[in-house]
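Remarks on the overall topology
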Amino acid sequence: MPTLHDLQTAVGAVMLGGDATLAEASVHGDGLGASARLAVYRHHVLASLTAVLESTYPIVVRLVDARFFRYAVDRYIHAHPPLRPCLFEYGATFGDFLARFPPTRHLAYLPDVARLEWAMNAALNAPDLEAAAPETLSPASPVALHPSVSLLRSPWPIDMIWRANQPEREGAVVDLETGGVRLQVWRAGDEVVFRPLSIAEDALRRALTSAGRLDAAAEAALAADATADVATLVRG
């Protein structure tokens, strides 16, 4: 007699095209046979996960077209099925997947566009915390970035690519030779926004993430740019 865990594992495998023997033996037909019932459920699962990723990565969809996106997503779902029940948490590694996916390797900027879209999704769903007032902090104060903040670096102008592919910018062209960008993504009120960072701003924020102290962050900013105004960077 299979255990509940055995059945859950078997059904999960069927959703990804695995062996259906155990799952089918445990499903009672009622108008539809066991195989057909599982096929309906598998279709629903794959369609739901595809819809989730389409809503998370609309710019990637525009860049590669919807039909190809669904093909890539099908491969992604089979290789990286959800590990957690919250669907808004699914798809974090899609950018890494695209970087390794042979059909998209010629689109070198595409993985970083996907990482930008994931950072925006993460910002939207991050918990809300009250920011500390800069005047209350000392150099040794433990400091952390807001949970909605992500820091991105790309050799491609992914911010320009994202903006050029908004529905109202139909036909906009981006010069990929413009160069790379450092970005901060965060939630401001109910809106997710991003902006480019200077080398010093980026260094300060990354040091806050790793060291969690203002003095260490200030040192990192000055090491990146000796002329940086650290006080202004902290307030920003």
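The present account deals with the structure reproduced in this document. (Residues numbered from 1 in each chain as written. Predicted model: local features only at pLDDT ≥ 70, side-chain atom pairs only at ≥ 80, totals over all residues. Heavy atoms only, no water.)

Its location among the elements puts Asp-229 in the loop between helix H10 (214-224) and helix H11 (230-235). On a C-alpha basis, the gap between Asp-229 and Glu-201 in space is 9.8 Å, while along the polypeptide they are 28 residues apart. Polar contacts involving the side chain of Asp-229 include one to the main-chain amide nitrogen of Ala-231, which spans 3.3 Å. A distance of 2.8 Å separates the side chain of Asp-229 from the side chain of Thr-232, its partner in a polar contact. (Helix = DSSP H or I, 4+ residues; strand = E, 2+ residues; numbered from the N terminus. Polar contact = N/O pair within 3.5 Å; in protein donor to acceptor, adjacent residues only side chain to side chain.)

A word on the pairing of strand E3 (residues 191-196). Across six bridges, the pairing between strand E2 (residues 181-188) and E3 is antiparallel. Residue pairing in the sheet places Ala-188 in a bridge with Glu-191 of E3. (Pairing = 2+ DSSP bridges.)

Here the focus is the sheet that holds strand E1 (residues 150-154). Taken in spatial order, the three strands make up an open sheet running E1-E2-E3, and their pairing is antiparallel. Here the strands that pair on one side only, and so sit at the sheet edges, are E1 and E3. Averaged over all adjacent pairs, the angle separating strand axes in this sheet is 25 degrees, with direction ignored. Together, E1, E2 and E3 form the strand contacts of helix H7 (residues 110-125), whose direction differs from that of E2 by roughly 25 degrees. (Axes fitted to C-alpha atoms, helices over the stretch in contact; angles between N-to-C directions. Contact = heavy atoms within 4.5 Å.)

Attention shifts here to the packing of aromatic side chains. The geometry of two aromatic rings is summed up by the distance between their centres and the angle between their planes. Tallied over the entire structure, the rule returns 12 aromatic pairs. Ring centres 6.4 Å apart and planes at 45 degrees place the aromatic pair Phe-68 and Phe-101 in the tilted group. Linking Phe-68 in helix H5 (residues 66-79) with Phe-101 in the loop between helix H6 (94-100) and H7, this pair joins segments that are 33 residues apart in sequence. Aromatic side chains Phe-97 and Phe-101 sit 4.9 Å apart centroid to centroid with 25 degrees between the ring planes, which places their arrangement in the stacked category. Residue Phe-97 shares its accessibility class with Phe-101, and that shared class is buried. Every member of this aromatic cluster is reached through a ring pair, and the members are Tyr-57, Phe-68, Phe-69, Tyr-71, Tyr-76, Tyr-90, Phe-94, Phe-97 and Phe-101. (Phe/Tyr/Trp six-rings, centres within 6.5 Å; stacked < 30°, edge-to-face > 60°. Buried < 20%, exposed > 50% of the residue type's maximum accessible area, 1.4 Å probe, protein only.)

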